[in-house]
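Secondary and tertiary structure notes
Residue-level listing of the chains:
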Amino acid sequence: MRIAVTGASGFVGGAVAAALADADHEVVGFGRRPDGWSHPAAAYRPWDVASGPLRGDRDFDAVVHAAALADDWAPIAEALRVNRDGTRNVVRSFEGARIVHLSTSSVYDAFTPTVEASESTPPARRFLSSYSASKAVAELELAGVDAAILRPHAVYGPGDTTLLPRLLAAVRRGRLVLPDGAEVRHSLTHIDNLVLAVRRALDPASPAGTYNIADDTPVLLSVVLREFLERRGVPARLVAVPYRRAFALAGALERAARVTGRRPRLTRYAVSQLGLERTLDLTAARTRLDYRPAPTNLVGAETW
């Protein structure tokens, strides 16, 4: 199968592209940087999906659309340009190809806990970040297309440049301060499980549709974070601050940031992701994609 992978220069896209190339697919990775990704059995072409439809060779059986602006404080216009318009350009560039679109569970309402949410959960009408809003409207660009939309939550694993590194950077004087101490259930997504979901969705026999993706069972976030800190050799303890206080503080920091033009040290989106339950119902992926994920695990986290 000849497969295009956008966002190959990023954590998720690079992992997906490498896994598909290792499985003997003919893979072409795309990214903004001239030398963003390489693999001995694959090709790479520079392409900024937000700049317009792809020029040149577009003859692919399938495309995995992983390119995205994953920044909860990005200006809404820029987030829409990359995430919504970029998706539109992908659809226009690969007419007739199966599209596996990597969306996010952040399209669900972030103001309230996400408890075993199914794909039929009504779409959010309010958003805590430009990332969530832009990814939600990006999904609409796939209406009427042969597409599998995957909604993972909190992707982690080897090569992670965002989730766990940010938490490490937040450790101060042996303390990691978290809303309610992160004593909440989460459906985390190991990169290997997300790659598995992509491979299942690429199967021509797999039905199009929208699918939640995560590890086999939810975990207590605080337990996972303590194990991660221990594996990384970081002597830190989790310190709880009441959720409402953290949310209010983040709101104040956001208001100040809009005046100063500087990025806030804490956002309401980040607080909502760490302090509220975020669990997903995987029934659709299990039954329609034959998705069989492994449990959450941090094996090898010492070197991530």
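See the structure shown above.
Residues numbered from 1 in each chain as written. Predicted model: local features only at pLDDT ≥ 70, side-chain atom pairs only at ≥ 80, totals over all residues. Heavy atoms only, no water.

Attention now moves to the overall build of the protein chain. The secondary structure content of the protein chain amounts to nine helices and 15 strands. Counting only C-alpha atoms and orienting by the principal axes, one finds that the protein chain spans roughly 55 × 40 × 40 Å. The buried share of the protein chain, taken over its 304 residues, is 53%. The long-range fraction of contacts in the protein chain, counting pairs at least 24 apart against all pairs at least 6 apart in sequence, stands at 77%. Charged side chains of the protein chain number 38 positive and 33 negative; the gap between the two group centres comes to 9 Å. (Helix = DSSP H or I, 4+ residues; strand = E, 2+ residues; numbered from the N terminus. Buried < 20%, exposed > 50% of the residue type's maximum accessible area, 1.4 Å probe, protein only. Contact = heavy atoms within 4.5 Å. Lys, Arg positive; Asp, Glu negative; His and termini not counted. Charge placed at Lys NZ, Arg CZ, Asp CG, Glu CD.)

Before going further, it helps to examine empty space enclosed by the protein. On inspection of all chains with the given rule, the structure shows one cavity of 30 Å³ or more. Roughly 50 Å³ of internal volume is contained in the largest cavity. Along the lines of polarity and charge, the residues of the lining of the largest cavity split into two nonpolar, five polar and two charged. (1 Å grid on protein atoms, 1.4 Å probe; cavity = no way out; pocket = protein on both sides within 12 Å on 5 of 7 lines; lining within 4 Å. Points joined across faces, edges and corners; volume = space filled by probe spheres on them. Nonpolar A, V, L, I, M, F, W, Y, C, P; charged D, E, K, R; others polar.)

A separate point is the pairing of strand β5 (residues 98–102). Among the five residues of β5, five are classified as buried, and the element is accordingly described as predominantly covered. Where strand β4 (residues 62–65) lies against β5, four bridges are found, and the strand directions are parallel. Counterpart to histidine 65 in the pairing with β5 is histidine 101. Taken together, the four bridges between β5 and strand β7 (residues 147–152) define a ladder with parallel strand orientation. Bridging across to β7, leucine 102 finds its partner in leucine 150. (Pairing = 2+ DSSP bridges.)

Once that is clear, we can look at the layout of surface pockets. Within this model, the second largest pocket holds a volume of roughly 260 Å³. No other element matches the five residues that helix α3 (residues 130–140) contributes to the lining of the second largest pocket.

Here we take up the packing of aromatic side chains. Scanning the model with the defined rule gives six aromatic pairs in all. Geometry around phenylalanine 60 places arginine 2 over its ring, the cationic atom sitting 4.2 Å from the centre. (Phe/Tyr/Trp six-rings, centres within 6.5 Å; stacked < 30°, edge-to-face > 60°. Lys NZ or Arg CZ within 6 Å of the ring centre and 35° of its normal.)

Among soluble globular proteins, nonpolar side chains are generally buried collectively. Ranked by size, the top nonpolar core spans 39 residues in total, and within it Val64, Leu102 and Leu150 carry the most contacts. Sorting the residues of this core by element identifies β1 (2–6), α1 (11–22), β4, β5, β7, α5 (191–202), β12 (209–213) and α9 (283–288) as the ones contributing at least two each. Not counting residues up to four positions away in its chain, the partners in contact with leucine 102 are Val12, Val64, His65, Ala66, Lys135, Leu150, Leu194 and Val198. Ranked by size, the runner-up nonpolar core spans 20 residues in total, among them Ala182, Val219, Phe228 and Leu238. (Core = buried A, V, L, I, M, F, W, Y, C linked by side-chain atoms within 4.5 Å.)

Moving on: the pattern of salt bridges. Tallied over the full model, the rule gives 21 salt bridges. In this structure, arginine 88 engages aspartate 85 in a salt bridge whose closest nitrogen and oxygen atoms are separated by 3.8 Å. Of this pair, arginine 88 and aspartate 85 both sit in helix α2 (residues 76–93), separated by three residues, roughly a single helical turn. What makes arginine 88 partly exposed here is its relative accessible area of 26%. Aspartate 146 is paired through a salt bridge with arginine 98; the nearest N and O atoms lie 2.8 Å apart. Within this pair, whereas aspartate 146 is found in the loop between α3 and β7, its partner arginine 98 is found in strand β5, the two being separated by 48 residues in sequence. In this structure arginine 98 comes out as buried when scored by relative accessible area, which is 9%. Here the salt bridges share partners, and the residues they tie into one network are Arg84, Asp85, Arg88 and Glu141. (Salt bridge = Lys/Arg side-chain N within 4 Å of Asp/Glu carboxyl O.)

Turning our eyes to something else, we now look at α3. An α-helix turns once per 3.6 residues; consequently, residues spaced three or four apart project the same way. The element α3 is extensively covered by neighbouring structure, given that nine of its 11 residues are classed as buried. Ser130, Tyr131, Ser132, Ala133, Ser134, Lys135, Ala136, Ala138 and Glu139 are the residues of α3 that are buried. Next to the buried residues of α3 lie α2, β5, β7 and α8 (268–275).

Time to look at unusual backbone geometry. Positive phi, normally seen in glycine, also occurs at alanine 154, with a value near 50 degrees. By the secondary structure assignment, alanine 154 is in the loop between β7 and β8 (155–156). Positive phi, normally seen in glycine, also occurs at alanine 182, with a value near 60 degrees. Within the secondary structure layout, alanine 182 lies in the loop between β9 (175–179) and β10 (185–186). With a relative accessible area of 0%, alanine 182 lands in the buried category.

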